[in-house]
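Take a look at the letters that make up each chain.
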Amino acid sequence: MLFGTMTTQDNQLTIGGRTARDLIADHGSPLYVYDLALIKHNLRAFKTHFSSKLFDTRIAYASKAFLTKAMVRLLQAEGTSLDLVSAGELHTAIAGGFDLSQALFHGNNKSPEELELCLSHGVGLIMVDNIDELDQLIERAAASGQVVHTLLRVNPGVEAHTHEYVITAKHSSKFGESIYDNERIAAIMNRYRDQSHVVLDGFHCHIGSQIFDITSYLKTIEVMSTFINKITAQFELSISTLNLGGGFGVFYTDGDTPMDIETTGRTLIRALEEKQITNELSIKTLIIEPGRSIVANAGTTLYTVGHTKRTYGGKHYLFVDGGMTDNIRPALYQAEYSADLANRMTDQKDTHYTVAGKLCESGDVLIRDIQLPAANPGDILAIYSTGAYTYSMASNYNRLLRPAVVFVEDGKSSVVVRRETYDDLLRNDV
Ligand code: LLP
């Protein structure tokens, strides 16, 4: 499926008004290409459809999906909040000129340095993961005389899978505190109450990623409303903020059935509004943290085809000039993708291939089964919907160089991350 500004013209794939062939000629191969208009469209769709007259909403883009300075500048210009999880992401946000009062900081094991950076840079909201972290934060905030706003990350016991959710009795997630652990929750609430430097604005939860089933979120809203009511009554607290995390699924291959942003937004906002009207909830701010659903479909990876090989065992390989170093997801999660030969879009797809990379690892397969035109060396393979968790999870295994990243819009491409050089590889070698 072609997303955003992608079209086929004269047998060529174009993205943002540029052909894949020209993009490779200008910027080299492999290449991460982002359709800037589609990222903007998605950000705006979240803003429009996740809005309510009864409470404010904040869209905090989950940086882990894809972050560069250019992405930070785009988010700042679009007025989006930013969900950060490490000093490295924070550093990138600073370098991109982001207003950190609009940033959220996550992590189940924030380092002393990271907590310090949050305080010294005025990060707007810190997601507290556990009581030890809360103690450290209180100590630091008291020492510097600051008042820090936080949400407590909790685990609502709703485990979402792509097509279903389960309520689990096993609460073994490394993230947050289980809402069913009355003792630990009480200890944390008392700690919050006993001091005035770290303020509890509300709660955060995140139930999974690549979720298609809206009932997972509706169930989470139910469970969290009940929990918040119980806690506010028991500890005489006023809770203003609910953060439902991210996880909204996207289309990768046939069989993926994501809900569009509009339907998702309308459904969840309506459910929350009903709770507000019946006084089962009285929040002032809803936060969501979409990552994948903003960038996945906007990204395409372009590769150059090298050799093909028919094995004795019957596999027909098509080899490309990248692989698990630029996209670890098939090897790590058996993730599936669709693709085309970008310079031969309308040719007959009469040949079955397994697309493999060039890394010394049998698991270095990008697409297990695909029909394509019979490929020749030099053809361009476009793998679609690679915008999330590819560049951000890339490695230099086998000392491969990370590809360049370009943004394309209105017929222009701009390099936002230059291709690594062999000198970059040696930069930290002593
Ligand atoms: N908020 C929190 C607290 C999260 O842990 C995550 C993702 C998100 C938001 C954004 O979720 P999204 O909207 O992107 O689904 N590397 C895996 C995905 C890991 C997701 C981790 N947390 C993958 O490539 O599928």
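Heads up: the structure comes first, above all this text.
Residues numbered from 1 in each chain as written. Predicted model: local features only at pLDDT ≥ 70, side-chain atom pairs only at ≥ 80, totals over all residues. Heavy atoms only, no water.

J.: Give me the site of the ligand: which residues, what numbers.
T.: Around the ligand there are 18 residues in total, and Ser209, Glu289, Arg329, Tyr333 and Tyr389 lie nearest to it. In the model, an oxygen atom of the ligand is placed 3.4 Å from a nitrogen or oxygen of the Lys64 side chain. Expressed as a share of its isolated accessible area of 580 Å², the protein-covered part of the ligand is 87%. Within the shell around the ligand, the residues separate by chemical class into 5 nonpolar, 7 polar and 6 charged. Here the shell around the ligand spans two domains, since at least three of its residues come from each of domain 1 (7-35 + 298-425) and domain 2 (50-292). (Near = heavy atom within 4 Å. Polar contact = N/O pair within 3.5 Å; in protein donor to acceptor, adjacent residues only side chain to side chain. Areas by Shrake-Rupley, 256 points an atom, 1.4 Å probe, with all protein chains shown as cover. Nonpolar A, V, L, I, M, F, W, Y, C, P; charged D, E, K, R; others polar. Domains from an automatic or database assignment.)

J.: Describe the packing of aromatic side chains, and please don't skip the residues or the numbers.
T.: Per the counting criterion, the structure on display carries 13 aromatic pairs. A centroid spacing of 4.1 Å and a plane angle of 20 degrees characterise the contact between Tyr34 and Phe66, whose relative ring orientation is stacked. Of the two residues, Tyr34 is situated in strand 4 (residues 31-35) and Phe66 in the loop between strand 5 (56-62) and helix 3 (69-78); the sequence distance between them amounts to 32 residues. In this structure Tyr34 comes out as buried when scored by relative accessible area, which is 1%. (Phe/Tyr/Trp six-rings, centres within 6.5 Å; stacked < 30°, edge-to-face > 60°. Helix = DSSP H or I, 4+ residues; strand = E, 2+ residues; numbered from the N terminus. Buried < 20%, exposed > 50% of the residue type's maximum accessible area, 1.4 Å probe, protein only.)

J.: Now, about helix 8 (residues 214-235): what can you tell me, with residues and values included?
T.: The end-to-end C-alpha distance of helix 8, which contains 22 residues, comes to 31 Å, matching closely the 32 Å that a straight helix rising 1.5 Å per residue would cover. Positive phi shows up at Glu236, right after helix 8, with a value of about 50 degrees. (Expected span 1.5 Å × (residues − 1).)

J.: Now, about unusual backbone geometry: what can you tell me, with residues and values included?
T.: Across the junction of Ser29 and Pro30, the peptide omega takes the value -5 degrees, indicating a cis bond. Checked against the element boundaries, Pro30 lands in the loop between helix 1 (20-27) and strand 4. Unusually for a residue other than glycine, Asn279 sits at a positive phi of about 65 degrees. Locating Asn279 in the fold gives a position in the loop between helix 9 (261-277) and strand 15 (285-288). Notably, Asp410 is not glycine yet its phi reads approximately 50 degrees, a positive angle. Within the secondary structure, Asp410 is located in the loop between strand 22 (404-409) and strand 23 (412-417).

J.: Hey, could you go over the sheet that holds strand 1 (residues 7-9) for me, with residue numbers and the actual values?
T.: One open sheet accounts for 3 strands, arranged 1-2-3; its pairing is antiparallel. Two strands in the sheet have a free side with no partner beyond their single neighbour: strand 1 and strand 3 (18-19). Relative to strand 2 (residues 12-15), strand 1 runs antiparallel, the two sharing 3 bridges. Counterpart to Thr8 in the pairing with strand 2 is Leu13. (Pairing = 2+ DSSP bridges.)

J.: So what about the nonpolar core? Which residues, and what values?
T.: Burial of nonpolar side chains together is a common tendency in soluble globular proteins. Counting residues in hydrophobic clusters, the biggest one holds 110 residues, and the most contacted among them are Phe203, Val295 and Leu381. Among the elements that make up this core, the one with the highest residue count is helix 8 (9 residues). In terms of domain composition, this core takes at least three residues from each of domain 1 (7-35 + 298-425) and domain 2 (50-292). Aside from chain neighbours lying at most four places away, what touches Val295 is Tyr34, Ile39, Tyr61, Ala65, Phe66, Met71, Gly387 and Ala388. Met6, Tyr384, Ala404 and Val406 belong to the second-largest nonpolar core, a separate cluster that totals 17 residues. (Core = buried A, V, L, I, M, F, W, Y, C linked by side-chain atoms within 4.5 Å. Contact = heavy atoms within 4.5 Å.)

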